[in-house]
Amino acid sequence: MRIGAVLPATNPSRVFLDIYQELKEYHHVELLKFHSFKSPIFYSRIERYLRRRDFTKFMRENDVVYFEWASDLLAYASKLPKSCGIVARLHRYEMFQCVSSINWAVVDKVILLSEAMRNKFVTQFPEFNNITIVIPWAVSSDKFQMRSQSLTGNIGTLCELIPRKRIYEIILVFYEITKKVNNVHLHIAGSTDPWNMDYYDAMLVLVKKLGLEDKVTFHGKVTDVPSWLQQLDIFISNSYSEGLQSALLEAMATGCFCLAHCWDGVNEILSPEYIYISDWELFEKIINFYMYSESERSAHTDYMRQIIVEKYDLQKKLIQLRTIIEDIGLKYQ
């Protein structure tokens, strides 16, 4: 079977690389590449022509094309004459930015990361409910090993440092935690972008104003995520909106005590005792954790790990996704 794969970024995510390797093991897989024509005259017109020519040829030469993002490239492909199967993964970003520009009538299967995301999609496009399927992303339990049960006093979060992730509020809660628990440290990992430098600067100023310079560390982009998570007692997901936060799943696989704000869909991952609404609830849950006995802490962290092993096993999800792509491809061979 010939499978085409489309992703918008030049630096593919860990998730796409896992999917790509799984497909390559069984099929011929081709990545979409556009030819470029650099001419100061008629540049945009020639570029549009080459883009359409390359995309049309790519779709015709493959039995099925997999779109890692339901973004502008899927929107473009959905306007071309249909010649192959189309499977796409729809993330949180595209749900609010791209879905209305896509011709869903030519898409054979859309993969969503949670039931909450599927509900949002079906609310907008009830006539396409039949093409939806939920496949949450997953974690390699071998790569993310269980951490030591010994307390470190380290609390952390890992995400893009943007307002939606509400890191500023975590710092404020942490400040109150330091008044009740000794030797705690807040670790904030993740990069920011040029459009949110004011948010990053505000966090730095807040840390200084609260006198937390020796208790809060900004790590920037972390390259060795499994090792970084090993140091944490508690992982916090404080976003107000997520599709399915991979860092949360990875922290759970590591055996961190994970707490999450009530973003839509988090209840599919964690039970209510690990979900909070107010900052005060977050404060109380962290304080309670440090008051648990060693056996109580162990029970909670073992529970986190077990959820990943049972529901979010990477190899099982890869096989499920590959099977869907194969089934669609067979219809167009």
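None of the values given here were measured: they were computed from a predicted structure. (Residues numbered from 1 in each chain as written. Predicted model: local features only at pLDDT ≥ 70, side-chain atom pairs only at ≥ 80, totals over all residues. Heavy atoms only, no water.)

1. Remarks on the overall build of the protein chain
Tallying secondary structure elements over the protein chain gives twelve helices and twelve strands in all. Scaling as 2.2 N^0.38, a compact globule of 333 residues should have a C-alpha radius of gyration of about 20 Å, and the protein chain matches this with 22 Å. Taken along the three principal axes of its C-alpha coordinates, the protein chain extends 65 × 45 × 35 Å. Considering only intrachain contacts with a sequence separation of at least 6, the fraction spanning at least 24 residues in the protein chain is 68%. Accessible area of the protein chain: about 15900 Å², with a carbon and sulfur share of 53%. (Helix = DSSP H or I, 4+ residues; strand = E, 2+ residues; numbered from the N terminus. Rg over C-alpha atoms; globule rule 2.2 N^0.38 Å. Contact = heavy atoms within 4.5 Å. Areas by Shrake-Rupley, 256 points an atom, 1.4 Å probe, with all protein chains shown as cover.)

2. Focus on the sheet that holds strand β8 (residues 185–189)
The parallel open sheet is built from six strands, whose spatial order is β9-β8-β7-β10-β11-β12. Looking at which strands have only one partner, the edges of the open sheet turn out to be β9 (216–220) and β12 (275–276). Inspection of the sheet shows strand β7 (residues 154–158) paired to β8 by five bridges, in the parallel sense. Residue Gly156 lies in a different strand from β8, and its bridge partner there is His187. (Pairing = 2+ DSSP bridges.)

3. What to know about the state of the cysteines
Scanning the entire structure with this criterion turns up zero disulfides. Take Cys84: it sits in no disulfide, and the sulfur closest to it among the cysteines is that of Cys98, at 20 Å. On the accessibility criterion, Cys84 (1% relative accessible area) is buried. Cys159 takes part in no disulfide bond, and the closest cysteine sulfur to it belongs to Cys258, at a distance of 13 Å. (Disulfide = S-S within 2.5 Å. Buried < 20%, exposed > 50% of the residue type's maximum accessible area, 1.4 Å probe, protein only.)

4. What about the pattern of salt bridges?
For the structure shown, the criterion picks out 13 salt bridges. The partner of Glu30 in a salt bridge is Arg2, and the shortest N-O contact between them spans 3.8 Å. Taken together, the residues span a long stretch of sequence, with Glu30 in strand β2 (residues 28–31) and Arg2 in strand β1 (residues 2–6) at a distance of 28 residues. As a salt-bridge pair, Asp54 and Arg53 come within 3.2 Å of each other at their nearest N and O atoms. Taking relative accessible area as the criterion, Arg53 reaches 39% and is therefore assigned partly exposed. Because the salt bridges share partners, they merge into one network encompassing Glu22, Arg322 and Glu326. (Salt bridge = Lys/Arg side-chain N within 4 Å of Asp/Glu carboxyl O.)

5. Overview of the packing of helix α1 (residues 14–24) against helix α12 (residues 314–330)
Where α1 meets α12, the axes come as close as 10 Å, and the angle between the chain directions of the two elements is 60°. When the axes of α1 and α12 are compared, the pair comes out oblique. In the crossing of α1 with α12, the sense of the turn from one axis to the other is right-handed. Between α1 and α12, the contacting residues are Asp18, Ile19, Glu22 and Leu23 on the first element and Leu314, Gln315, Leu318, Ile319, Leu321, Arg322 and Ile325 on the second. Partitioning the contact of α1 with α12 into residue classes produces seven nonpolar, one polar and three charged. (Axes fitted to C-alpha atoms, helices over the stretch in contact; angles between N-to-C directions. Parallel < 35°, antiparallel > 145°, perpendicular 65-115°, else oblique. Left-handed = near helix turned anticlockwise from the far one by under 90°. Nonpolar A, V, L, I, M, F, W, Y, C, P; charged D, E, K, R; others polar.)

6. Here we look at the sheet that holds β2
Taken in spatial order, the six strands of this open sheet run β2-β1-β3-β4-β5-β6, and their pairing is parallel. Of all strands in the sheet, those with a lone pairing partner are β2 and β6 (132–134), marking the two edges. Across the sheet, the mean angle from the axis of one strand to that of its neighbour is 20°, orientation sign disregarded. Both strand β5 (residues 109–112) and β6 contribute to a ladder of three bridges, which runs parallel. Within β6, the residue paired with Val110 across the bridge is Thr132. In this fold α1 packs onto β1, β2, β3 (64–67) and β4 (85–90), with an angle of close to 140° to the strand it touches most, β2.

7. What to know about the pairing of β8
For β8, a buried count of five out of five residues is recorded, marking the element as mostly surrounded by other parts of the structure. Judged by which residues are buried, β8 turns out to be covered on both faces: His185, His187 and Ala189 on one side and Leu186 and Ile188 on the other are all buried. You can see the chain leave β7, run along helix α6 (residues 167–177) and come back into β8, and the turn it takes is right-handed. As defined by bridge partners, β8 adjoins β9 across four bridges and the pair is classed as parallel. In the strand pairing of β9, Ala189 is matched with Gly220. (Right-handed = clockwise from strand over helix to strand, strands pointing away.)

8. Overview of the packing of aromatic side chains
Scanning the model with the defined rule gives 14 aromatic pairs in all. Pairing Trp104 with Phe125 gives two aromatic rings, centres 6.2 Å apart and planes at 50°, and the pair type is tilted. Here Phe125 lies in the loop between α5 (115–124) and β6 and Trp104 lies in the loop between α4 (92–97) and β5, a separation of 21 residues in the sequence. Taken individually, Trp104 and Phe125 each receive the classification buried, so the pair is uniform in this respect. One aromatic cluster is present, formed by Phe257, Tyr274, Phe289, Tyr290, Tyr292 and Tyr303 through successive ring pairs. A cation sits over an aromatic face here: Arg89 above Trp137, 5.0 Å from the ring centre. Cation over ring: Arg322 sits above Tyr26, and NZ or CZ is 3.7 Å from the ring centre. (Phe/Tyr/Trp six-rings, centres within 6.5 Å; stacked < 30°, edge-to-face > 60°. Lys NZ or Arg CZ within 6 Å of the ring centre and 35° of its normal.)

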